[in-house]
Amino acid sequence: MGKSAKIEFDGKSYTFPVITGSENEEAIDINQLRSETGLITYDPGYKNTGHCISEITYLDGENGVLRYRGYSVDELCQKKSFLEVAYLLIYGDLPTNLEIQKLQEDIREEALVDEDLKQIFKSFPKSAHPMGVLSSLTSALIAFNPLNETKISLKDSAGTTEKDKMYLSTIRLLAKFPIMSSWTLRKIKGLPLNYSNNNLEYTENIAYMMFAKPNQDYKQNDIIVNALNTLLILHADHEQNCSTSTVRIVGSSYAGLYASISAGISALWGRLHGGANQAVIEMLELIKNDGSDIDKYINKAKDKSDPFRLMGFGHRVYKNFDPRAKIIKKAADQVLNDLGIDDPILEIAKSIEEKALNDEYFIEKKLYPNVDFYSGIIYRALGIPTEMFTVMFALGRIPGWIAQWKEMRDSKNPIGRPRQIYNGPTHRSIS
Ligand code: ACO
C-alpha cells in the first residue's frame, strides 16, 4: 500500500492517496476531494497546487537544482547547443547527429514568413512593445500556415496524423519565431528586415538575423553566439511557471499550439515574470542616475508602504539560490571582459547583491537574485535594446512551451478550469 493522507471534516475522516515523483516529491492526490467531501481547496497563486505530472524539468528550489530531462542545466550549457537542448526538451532525449541534422534541415525549409504577415508587422507603430507585437504575430501564424495535408508530407511522414501536425507546428514555430523576433529588434534599430542564413547553425543564425548590417560582410562573433547559447538554454524551460501554466491551460481547451504560445508570450511579458529583465535594467539605471545610493533603494524595497521592489530578486520556488543566476553572473563577467565593455551597471548590480544577501530582511524572506538579475547586463553588452530583453527570454522559452503543450495534449488531461469561493452579494431582486 502506498502512502496516504487523511482529512478530517465535519466529524468524518477521508483518505486520499499520496503520489510520489521520481525525485521523491510527494503530493496528495485530491482528484476525488469534491465528490467525496463537497470541499474544494483554496490556494491563491497556486502556491501549493500541482496541476500536472511532468517528465520534462526537475526543479528543487530548496537546493537550487534545475535539470532538463535529468541533465543539469550547467552541464547542458557547457556541452550542448540550444537546438540540441530544444530537441531534448521536446522529444525526451538528446538527439543523435542524424536527428539534429534532420531537425535543422526541416527548420531551414520553413524559415520564411509570409509577406502578408510582414505587412501586419510593418503596420505596428515603432513605439509598440515587441512582446505585444510577437504575441499578435504568433497567434496570426496559423492563419498564414494552416496545417494542410500537402505540407505535412514533409520528409518521411506518410499520411496526416496528429503526430505529423505536431511535428510541423513545432518546426514552423522554431523556424519562424526567431525571424519575427529579429524583425522586432531590427525595427527598433532602424535596420532593414532580413531572413535566415541557411548556412548557419540555429543559434548562429539568430545572431546573424539580429545583428547583420546591410552592405557589410557579416563576421560571426563567437563571444556573442556562445553567450546567446547559454542564455537561451537557461531560459528554455522552468516547469510550471506563470507563462508555461498559461500555455498548458489555453491548450487544454484544444486551442492550437500557436494560440497557446501567443498567450504564454503575454504572460511572460509582465514585470513579475519575464518582464523583470527589462525592469532590472531600468531599476539599475534609476539607481545610477540617482547617485548610486544603493542603501536608499535597499531600504525602499524593505519598506512595506513603498511599492518599490528589488527587481530580479526573489522567486516563487527558489528559496536558496537560483542556479541560472549563478551561471549568468559568471557569464556576464566573462562577456563584458571578452568584449572589453566596462558597464557601471554591473558594479551596481554586484553591490546590490552583496548588500541584500547580508541584509536580515532578504535573508529571512529567502530572497536571492533570480535569472533576470544579470541577464539584462549581458543583453545590453550584446547591443540588444532594453525593450527586447523579454523577447530574448521568449526566444529561449519556445522549446519549453512546445514540450509542455505536447505533454499536456499527449496526457489527455481534462480542460483546466479552477473553482472559486463566491463571496459577493447573495440573491437579491431588482426593486
Ligand atoms: N523585493 C522586496 N521584497 C520582496 C521581493 C523583492 N524583489 N520579492 C518578495 N519580497 C517580499 C514580499 O514583499 C513578501 O513579504 P511579506 O511576506 O512581508 O509580505 C515576501 O518577500 C514574499 O514575497 P511574495 O511576493 O509573496 O512571493 P511570491 O512567491 O508570490 O512572488 C516574485 C515571487 C513575484 C518573483 C517576487 O519575489 C517578486 O516580485 N520579485 C521581483 C520581480 C522579479 O524579479 N520577477 C522575476 C521572477 S523570475 C521569473 O519569473 C523568470
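Residues numbered from 1 in each chain as written. Predicted model: local features only at pLDDT ≥ 70, side-chain atom pairs only at ≥ 80, totals over all residues. Heavy atoms only, no water.

## Topic: the overall build of the protein
Turning to step 1, where the next piece is worked out: The number of helices and strands found in the protein is 18 helices and six strands.
Turning to step 2, where the next piece is worked out: Over its C-alpha trace the protein gives a radius of gyration of 23 Å, about what one expects of a compact globule, namely 22 Å for 431 residues.
Turning to step 3, where the next piece is worked out: Projecting the C-alpha coordinates of the protein onto the three principal axes gives extents of approximately 80 × 65 × 60 Å.
Turning to step 4, where the next piece is worked out: Across the 431 residues in the protein, those meeting the buried criterion constitute 48%.
Turning to step 5, where the next piece is worked out: Long-range contacts, defined here as pairs at least 24 residues apart, represent 70% of the contacts in the protein between residues at least 6 apart.
Turning to step 6, where the next piece is worked out: Entry remark: accessible area of the protein is about 21900 Å², with carbon and sulfur atoms responsible for 49%.
Turning to step 7, where the next piece is worked out: Of note, the protein has its 51 positive side-chain charges centred 4 Å away from the centre of its 55 negative side-chain charges. (Helix = DSSP H or I, 4+ residues; strand = E, 2+ residues; numbered from the N terminus. Rg over C-alpha atoms; globule rule 2.2 N^0.38 Å. Buried < 20%, exposed > 50% of the residue type's maximum accessible area, 1.4 Å probe, protein only. Contact = heavy atoms within 4.5 Å. Areas by Shrake-Rupley, 256 points an atom, 1.4 Å probe, with all protein chains shown as cover. Lys, Arg positive; Asp, Glu negative; His and termini not counted. Charge placed at Lys NZ, Arg CZ, Asp CG, Glu CD.)

## Describing the packing of helix H5 (residues 115-123) against helix H6 (residues 130-144)
Turning to step 1, where the next piece is worked out: Between H5 and H6, the shortest axis-to-axis distance is 10 Å and the interhelical angle comes to 155°. Classified by the angle between their axes, H5 and H6 sit roughly antiparallel to one another. Here the hand of the crossing between H5 and H6 comes out right-handed. Contacts between H5 and H6 involve Asp116, Leu117, Ile120 and Phe121 from the first element and Val133, Leu137, Ala140, Leu141 and Phe144 from the second.
Turning to step 2, where the next piece is worked out: Of the residues in the contact of H5 with H6, the class split is eight nonpolar, no polar and one charged. (Axes fitted to C-alpha atoms, helices over the stretch in contact; angles between N-to-C directions. Parallel < 35°, antiparallel > 145°, perpendicular 65-115°, else oblique. Left-handed = near helix turned anticlockwise from the far one by under 90°. Nonpolar A, V, L, I, M, F, W, Y, C, P; charged D, E, K, R; others polar.)

## Considerations on the sheet that holds strand E3 (residues 26-28)
Turning to step 1, where the next piece is worked out: Read from one edge to the other, the open sheet built from three strands follows the order E1-E2-E3, with strand pairing classed as antiparallel. A strand with exactly one partner marks an edge of an open sheet, and here the two such strands are strand E1 (4-9) and E3. Between one strand and the next, the sheet's axes are offset by a mean angle of 30°, whatever the strand orientation.
Turning to step 2, where the next piece is worked out: Inspection of the sheet shows E1 paired to strand E2 (residues 12-20) by six bridges, in the antiparallel sense. From the neighbouring strand, Ser4 faces E2, where its bridge partner is Pro17. (Pairing = 2+ DSSP bridges.)

## Thoughts on the nonpolar core
Turning to step 1, where the next piece is worked out: By size, the foremost hydrophobic cluster in this structure holds 114 residues, and its most contacted members are Tyr68, Leu284, Leu310 and Ile352.
Turning to step 2, where the next piece is worked out: Top contributing element to this core by residue count: helix H18 (residues 389-410), with twelve residues. (Core = buried A, V, L, I, M, F, W, Y, C linked by side-chain atoms within 4.5 Å.)

## A look at a positive patch on the surface
Turning to step 1, where the next piece is worked out: A cluster of basic residues, Lys47, Lys304, Arg309, Arg316 and Lys365, forms a positive patch at the surface.
Turning to step 2, where the next piece is worked out: Within the secondary structure layout, Arg316 lies in the loop between helix H13 (294-302) and helix H14 (323-339).
Turning to step 3, where the next piece is worked out: Residue class for Arg316 comes out partly exposed when judged on its relative accessible area of 45%. (Patch = residues over 30% accessible without salt bridge, like charges linked within 9 Å, V, L, I, M, F, W, Y side chains within 5 Å. Salt bridge = Lys/Arg side-chain N within 4 Å of Asp/Glu carboxyl O.)

## Quick notes on the site of the ligand
Turning to step 1, where the next piece is worked out: Surveying the vicinity of the ligand reveals 22 residues, the closest of which are Arg309, Leu310, Gly312, Arg316 and Lys365.
Turning to step 2, where the next piece is worked out: At a separation of 3.0 Å, a nitrogen atom of the ligand approaches a polar backbone atom of Leu272.
Turning to step 3, where the next piece is worked out: Here the ligand loses 77% of its free accessible area of 920 Å² to cover by the protein chains.
Turning to step 4, where the next piece is worked out: Split into classes, the residues belonging to the shell around the ligand amount to ten nonpolar, five polar and seven charged.
Turning to step 5, where the next piece is worked out: Looking at the shell around the ligand, you find at least three residues from each of domain 2 (74-272 + 388-410) and domain 3 (276-381). (Near = heavy atom within 4 Å. Polar contact = N/O pair within 3.5 Å; in protein donor to acceptor, adjacent residues only side chain to side chain. Domains from an automatic or database assignment.)

## A word on the confidence of the model for the protein
Turning to step 1, where the next piece is worked out: Averaged over all residues, the pLDDT of the protein equals 93, while 97% of them reach at least 70.
Turning to step 2, where the next piece is worked out: Long-range and interchain partners of residues 153-159, a stretch whose pLDDT sits below 50, account for 15 contacts in this model, where long-range means more than four residues apart. (pLDDT = per-residue confidence, 0-100.)

## What to know about the sheet that holds strand E6 (residues 71-72)
Turning to step 1, where the next piece is worked out: Ordered in space as E4-E5-E6, the three strands form an open sheet in which the pairing is antiparallel. Edge positions in the open sheet fall to strand E4 (57-60) and E6, since each of these has one partner strand only.

## Structural notes on the packing of aromatic side chains
Turning to step 1, where the next piece is worked out: Counting across every chain of the model gives twelve aromatic pairs.
Turning to step 2, where the next piece is worked out: Grouping aromatic residues by their ring pairs yields a cluster made of Phe313, Tyr361, Phe362, Phe373 and Tyr374.
Turning to step 3, where the next piece is worked out: Directly above the ring of Phe121 sits Lys187, whose terminal nitrogen or CZ lies 4.8 Å from the centroid.
Turning to step 4, where the next piece is worked out: Taking the ring centre of Phe321 as reference, the NZ or CZ of Lys326 above it sits at 4.0 Å. (Phe/Tyr/Trp six-rings, centres within 6.5 Å; stacked < 30°, edge-to-face > 60°. Lys NZ or Arg CZ within 6 Å of the ring centre and 35° of its normal.)

## A look at the pattern of salt bridges
Turning to step 1, where the next piece is worked out: Tallying each qualifying case throughout the model produces 20 salt bridges.
Turning to step 2, where the next piece is worked out: Put simply, Arg248 and Glu407 hold a salt bridge, and the shortest N to O gap is 2.6 Å. Of this pair, Arg248 sits in helix H10 (residues 242-251) while Glu407 sits in helix H18, and the two are 159 residues apart along the sequence.
Turning to step 3, where the next piece is worked out: You can call Glu407 buried: its relative accessible area is 14%.
Turning to step 4, where the next piece is worked out: Linked through salt bridges whose partners overlap, the residues forming this network are Glu285, Lys288, Asp343 and Arg380.

## Structural notes on helix H17 (residues 371-381)
Turning to step 1, where the next piece is worked out: Among the eleven residues that make up H17, ten are buried, leaving the element largely enclosed by the rest of the structure.
Turning to step 2, where the next piece is worked out: Within the span of H17, buried status applies to Val371, Asp372, Phe373, Tyr374, Ser375, Gly376, Ile377, Ile378, Tyr379 and Ala381.
Turning to step 3, where the next piece is worked out: Contacts made by the buried residues of H17 are with helix H9 (222-235), helix H12 (276-289), H14, helix H15 (344-357) and H18.
Turning to step 4, where the next piece is worked out: Positioned one or two residues after H17, Gly383 has a phi angle of 90°, which is positive.

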